[in-house]
Amino acid sequence: PVLVLSEIDGLLDALTRLIPPTHATFLHHTLDDATDEILSAYSVIIADPPTFGARCADSPGCTGGTLRWLQSTYAGVDGLLRSSKNRGYTTTRLAGVFGQPMAEYVMMHMMAQEKGLLVDAQRQQLKEWGARWTMANGALGRTLDQLTIGVMGSTGDIGSRVVQLASAFGMTVWACGRGNGGETAAVSRSFGSNDPEQLSEFLGGCDYVVNVMPSTPDTRGLLTAAVLSACKPGAVLMNIGRGDVFANGEDDVLGALDAGYIRHAVLDVFAPTEPLPQESRLWHHPGVTVTPHNSWAPAQGFPDVFARVFAKNLGLFRAGEPLNHAVDWEKGY
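None of these values were measured; they are calculated from a predicted model. (Residues numbered from 1 in each chain as written. Predicted model: local features only at pLDDT ≥ 70, side-chain atom pairs only at ≥ 80, totals over all residues. Heavy atoms only, no water.)

Enquirer: An account of the side chain of T91 is needed here, citing residue identities and associated values.
Expert: One can find T91 in strand β5 (residues 90-92). Other than its neighbours up to four places away in sequence, T91 contacts L70, L80, H325, A326, V327 and W329. (Helix = DSSP H or I, 4+ residues; strand = E, 2+ residues; numbered from the N terminus. Contact = heavy atoms within 4.5 Å.)

In structure tokens form, the structure reads like this:
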């Protein structure tokens, strides 16, 4: 039996449709009624990391040795890592499904910037034809094969897909990450994110900087307005990784914009809270595009996507083999 502790609509139905009862049976509980007695009865649990970490991870029901495998419903497990000290079970994160939709998100926003789609939408509302060959911003109107994209966190399934698609459009691709950004045929240069000089050189050469790094001790607070002062004039910053990459939250983004270090920011993730509070200055800044943490959204229904990932790991679990996408507690992802 598998215990499902998730607020995601349709998840239980998707699991029961895909996985035969001879392989697993599923029981759904809310966190409020998941007593220690219930938790201790299951060796496999599916759960949303923040709520599970806060309520269940260190409870007697999960620390007594019964729990062997926790399957996260999220790609990021930083909420669980921060709130739980229990390391007595294997945790697997949701991975291998976000690369394509998130890479498409990146390409969409780069092309929207270069083709002036936001300007055209504003002109349409004003019934304004505009100048046929004149863009509102001198940096607009370039083709992607003229530009350099820098991917912070290029070695995972998301970052590597961004690299592949950008390369297919003819872009020059730079990478930045722990140690170095990861050498591949599509990456022209790689830089270490933990080396200030390399990070500055990386930022100074990119027309688009895309962060897809997870939240770890090495990445939290990595970017500040001062660090972003090294950006290439006219650069666009895109964050689809974690909001806490900015040391001072939105102040770093707004400071970089107002100082002219970057031309625009496309933000899909925020810290310290989501949804983005209504009083946030990001909503109204003309240099900011805000999206509601939806860059990951798959073309198919999320419950079905999750169920397929879980089914593959369930087969490995039943066979006693190592699970896919297991979390490294020390690295934080």
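Now that the structure has been shown, we can carry on.
Enquirer: Can you break down the side chain of T291 residue by residue, with the values?
Expert: Positionally, T291 belongs in the loop between β12 (288-290) and α12 (302-319). Within the structure, T291 has its side chain in polar contact with the side chain of Y105 (distance 2.6 Å). There is a polar contact of 2.6 Å between the side chain of T291 and the side chain of D268. Excluding residues within four positions of it along the chain, T291 makes contact with Y105, H109, L267, D268 and F270. (Polar contact = N/O pair within 3.5 Å; in protein donor to acceptor, adjacent residues only side chain to side chain.)

Enquirer: Describe the sheet that holds strand β6 (residues 148-152), and please don't skip the residues or the numbers.
Expert: Taking strand neighbours across the sheet as the criterion, the seven strands line up as β8-β7-β6-β9-β10-β11-β12 in an open arrangement whose pairing is parallel. Looking at the sheet topology across the chains shown, the edges are occupied by β8 (189-192) and β12. Taking the axes of each pair of neighbouring strands and ignoring which way they run, one obtains an average angle of 15 degrees across the sheet. With four bridges connecting them, β6 and strand β9 (residues 208-211) associate as parallel partners. The partner of G150 across the bridge, within β9, is V209. (Pairing = 2+ DSSP bridges. Axes fitted to C-alpha atoms, helices over the stretch in contact; angles between N-to-C directions.)

Enquirer: Before we move on, could you go through the state of the cysteines and cite the residues and values that matter?
Expert: Note: disulfide means a covalent bond formed between the sulfur atoms of two cysteine side chains. Enumeration according to the criterion identifies zero disulfides in this entry. C206 provides the cysteine sulfur closest to C176, a residue in no disulfide bond, and the two sulfurs are 8.5 Å apart. Distance from the sulfur of C231, which forms no disulfide, to the nearest cysteine sulfur (C206) is 8.2 Å. (Disulfide = S-S within 2.5 Å.)

Enquirer: Mind laying out the pattern of salt bridges, listing which residues take part and the relevant values?
Expert: Tallied over the full model, the rule gives 11 salt bridges. Here R17 makes a salt bridge to D304, at a shortest N to O gap of 2.7 Å. Of this pair, R17 sits in helix α1 (residues 11-18) while D304 sits in helix α12, placing them 287 residues apart in sequence. Residue R281 pairs with E250 through a salt bridge whose shortest N-O separation is 3.7 Å. (Salt bridge = Lys/Arg side-chain N within 4 Å of Asp/Glu carboxyl O.)

Enquirer: Please set out the packing of α1 against α12 residue by residue, giving values where relevant.
Expert: It is the contact of α1 with α12, at a shortest axis distance of 8 Å, that shows an interaxial angle of 50 degrees. By the criterion of interaxial angle, the relationship of α1 to α12 is oblique. Viewed along their axes, α1 and α12 form a crossing whose handedness is right-handed. Mapping the contact onto sequence places L11, A14, L15, R17 and L18 in α1 and P303, D304, F306, A307, R308, F310 and A311 in α12. The residue makeup of the contact of α1 with α12, split by class, is nine nonpolar, no polar and three charged. (Parallel < 35°, antiparallel > 145°, perpendicular 65-115°, else oblique. Left-handed = near helix turned anticlockwise from the far one by under 90°. Nonpolar A, V, L, I, M, F, W, Y, C, P; charged D, E, K, R; others polar.)

Note that every value here comes from positions in space, so none of it alone points to a role or purpose.
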